[in-house]
Every structure is written in structure tokens, then in C-alpha cells.
Amino acid sequence: GENVEQHPSTLSVQEGDSAVIKCTYSDSASNYFPWYKQELGKGPQLIIDIRSNVGEKKDQRIAVTLNKTAKHFSLHITETQPEDSAVYFCAALRGSARQLTFGSGTQLTVLP
Amino acid sequence: EPEVTQTPSHQVTQMGQEVILRCVPISNHLYFYWYRQILGQKVEFLVSFYNNEISEKSEIFDDQFSVERPDGSNFTLKIRSTKLEDSAMYFCASSESITGELFFGEGSRLTVL
């Protein structure tokens, strides 16, 4: 089955700096890669996603890049703000299957 | 903004008891899911449900688990005889289509004593 590895497990940045979180996946048939933000006591909330037919997608301060050959994808947050502090999860999904396989999460702390 | 709602937010139960976790998916969504997250661990897929039947299930979803859509709005997860290791946060999710975004609820925390 699919295996998703996520690094780092914790990340602290100064407000205004950029944050990068990286994930690798094992199943070359995976073709959908969402990123979720989870705030304390809440469910995962989709912040951005990318499908395997594109290499990069951007939404304001958030961007995701995908390297299918290397089977890794990354989340980039620019101009970080304290409200970006949360746990971020990457995930991968194969074809028409609806089993999202999640990474282990990254606790991002943005220091004011 | 439409959202997935879950009840209860927290349930404490004794080992061996039956538990039902309830979810109200987004109204025009057709695909429903349960995931769980043991404290400090990854979010794990349990089951997907479409057209009143299970589409896929993981190894975790054994005979102790069942899902049901008893009416047009609710989607439930039943654990027949809870074990200590069932203690986790259970998330319901729904999507409009098989390729659509999954919207997650805020979770039901289950504590088995």
C-alpha cells in the first residue's frame, strides 16, 4: 500500500519568514496530493491540493510543488503569520480509490 | 459555509460497551468517510461509503465496526464492543464526487476505559 513520509515533525520560524514542509510517497499510481491544516481541537482543513498532471500550484501565500519522478511534494508558506501556527498534514491518494494516506504531520510554530 | 458536523464531541465509555458516533455530512455530498487519529499518530483511513454501501475499508475496520446511513442526513459509525486501543479521535468526512475535495468534521474523541 501507499506510504507517506513527512518532514520535519516540528518547525519553528520567525514571523515573516518562509516555511517548507516536505513529503515523499511510495505508490507511483498516486495522483492527488492534498495538504491539510489542523488547528487544536479541530478537524483537518484542506488548504491546497495538487494533481499529478501539474508541477506547481499557488494560492496567495501558499504553494505546493510536485516532483512525480522523485515522488515527493512540498508545501511552501511565505510571509508566515502567527495564525499559520498549526499541524500540517500531507496526504496522497491513488486513482479512484478514496483512501487518503496521511503523513505524520508537522507542528509549525510561527514566532511573533 | 456548509460543514460536516459530528456528535458527540467527546465520549467516554467502558471497555466492551457499544458506541455510536454520528455525523451529518454536507447535504449535496454523495461520498462519506470515517478516519481516525490515535493521539500523536497519523490520520488513518477506516471506511468509505457510497450509494448506501461500503466502497472500501481498511484493515482497521474489522467486524467490530459498522457504518450506516439510517436516513437522508446522518452517517454513523458503530463500534460493537470497544477495546482500549479504540481510543482515538474519529473524523467523518464527505465529498461531492469521487474526485472532489474531502471536507472533514471536527471529530469525536472516544476514550475507552
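Here the residue numbering is sequential within each chain, running from 1 through the sequence in written order. Key to labels: chains lettered from A, ligands numbered from 1, both in the order written. The predicted origin of the model limits local features to residues at a pLDDT of at least 70 and limits the giving and counting of side-chain atom pairs to 80 or more, whereas totals for whole chains, interfaces and linings rest on all residues. The side-chain figures draw on all heavy atoms in the structure; neither hydrogens nor water molecules are used.

Moving on, we get to the interface of chain A and chain B. We call two residues in contact when some of their heavy atoms are within 4.5 Å. Facing 20 residues of chain A, the contacting portion of chain B comprises 20 residues. A quick way to say it: buried area is the sum, across both parts, of accessible area lost when two parts are put together, with a 1.4 Å probe. Both faces considered, chain A and chain B share a buried interface measuring about 1,700 Å² in area, 52% of it formed by carbon and sulfur atoms. The largest share of the area that chain A buries against chain B comes from Arg98, Gln99 and Phe102 of chain A, three residues that together contribute 39% of it. Here, a salt bridge means any side-chain nitrogen of Lys or Arg that lies within 4 Å of a carboxyl oxygen of Asp or Glu. Along the contact surface separating chain A from chain B lie zero salt bridges. Polar contacts, as counted here, are pairs of nitrogen or oxygen atoms within 3.5 Å of one another; within protein the pair requires one atom able to donate a hydrogen and one able to accept it, and residues that are adjacent in sequence qualify only if both atoms are side-chain atoms. Across the contact surface, chain A and chain B share four residue pairs in polar contact (both at pLDDT 80 or more). Put simply, DSSP marks the helices as runs of H or I at least four residues long and the strands as runs of E at least two long, and each gets a number from the N terminus on. Of all the secondary-structure elements, those providing two or more residues to the side of chain A that touches chain B are strand 4 (30-38) and strand 5 (45-51) of chain A. Across the side of chain A that touches chain B, the residue classes tally to nine nonpolar, eight polar and three charged. In this classification, the charged set is Asp, Glu, Lys and Arg, the nonpolar set is Ala, Val, Leu, Ile, Met, Phe, Trp, Tyr, Cys and Pro, and all remaining amino acids, among them Gly, are polar.

Turning next to the pattern of salt bridges. This model, assessed by the stated rule, comprises four salt bridges over all chains. Between Lys37 of chain A and Glu39 of chain A there is a salt bridge, with the nearest N and O atoms lying 3.6 Å from each other. Across the pair Arg36 of chain B and Glu44 of chain B runs a salt bridge, and its minimum N-O distance is 3.3 Å. Classification of Arg36 of chain B as buried rests on a relative accessible area of 10%. What makes Glu44 of chain B partly exposed here is its relative accessible area of 25%. Note on exposure labels: buried denotes an accessible area under 20% of the residue type's maximum, exposed denotes more than 50%, and partly exposed covers the range between, all computed with a 1.4 Å probe on protein chains only.

Residue and element names in this part refer to chain B. Only strands joined by at least two bridges in the DSSP assignment are considered to pair. Strand order in this open sheet of four strands is 1-3-8-7, and the pairing throughout is antiparallel. Each end of this open sheet is capped by a strand with a single partner; those strands are strand 1 (5-7) and strand 7 (65-68). Ignoring which end each strand starts from, the neighbouring axes of this sheet average 20 degrees apart. Summarising the sheet, strand 3 (residues 19-24) and strand 8 (residues 75-79) pair through five bridges and their orientation is antiparallel. By the bridge assignment for strand 8, Val19 is matched with Ile79. Fitted lines through C-alpha atoms give the axes, limited to the stretch in contact for helices. The angle between two N-to-C directions lies from 0 to 180 degrees.

Moving on: the state of the cysteines. Cysteine sulfur atoms that pair up within 2.5 Å are treated as a disulfide. One pass over the full model with this rule turns up two disulfides over all chains. The disulfide partner of Cys23 of chain A is Cys90 of chain A, and the S-S distance across this bridge is 1.9 Å. With the S-S dihedral at roughly -100 degrees, the linkage between Cys23 of chain A and Cys90 of chain A falls on the left-handed side. Of this pair, Cys23 of chain A sits in strand 3 (residues 19-25) while Cys90 of chain A sits in strand 9 (residues 86-94), and the two are 67 residues apart along the sequence. By the burial criterion, Cys23 of chain A is buried, and Cys90 of chain A matches it. Covalent S-S linkage joins Cys23 of chain B and Cys92 of chain B, the inter-sulfur distance amounting to 2.0 Å. Between Cys23 of chain B and Cys92 of chain B the disulfide shows an S-S torsion of about -65 degrees. By sign, it is left-handed.

Residues and elements named next belong to chain A. With respect to the helices and strands, the residue Gln6 is situated in strand 1 (residues 4-7). Gln6 sits in the buried class, given a relative accessible area of 3%. Here Tyr88 takes part through its backbone oxygen, which lies 2.6 Å from a polar atom of the side chain of Gln6.

Residues and elements named next belong to chain A. Summarising the element assignment, Thr69 is placed in the loop between strand 7 (62-67) and strand 8 (72-77). Relative accessible area serves as the criterion here: at 77%, Thr69 is assigned to the exposed category. Spatially, the C-alpha atom of Thr69 lies 18 Å from that of Pro34, the residues being 35 residues apart in sequence.

The next thing to look at is the environment of Asn3 of chain A. By the secondary structure assignment, Asn3 of chain A is in the segment before strand 1. In this structure the C-alpha to C-alpha distance between Asn3 of chain A and Thr24 of chain A, which are 21 residues apart in sequence, comes to 8.2 Å. Not counting the four nearest positions on each side in its chain, Asn3 of chain A is found in contact with Thr24, Tyr25 and Ser26 of chain A together with Lys42 of chain B. A polar atom in the side chain of Asn3 of chain A sits 3.0 Å from the side chain of Glu5 of chain A.

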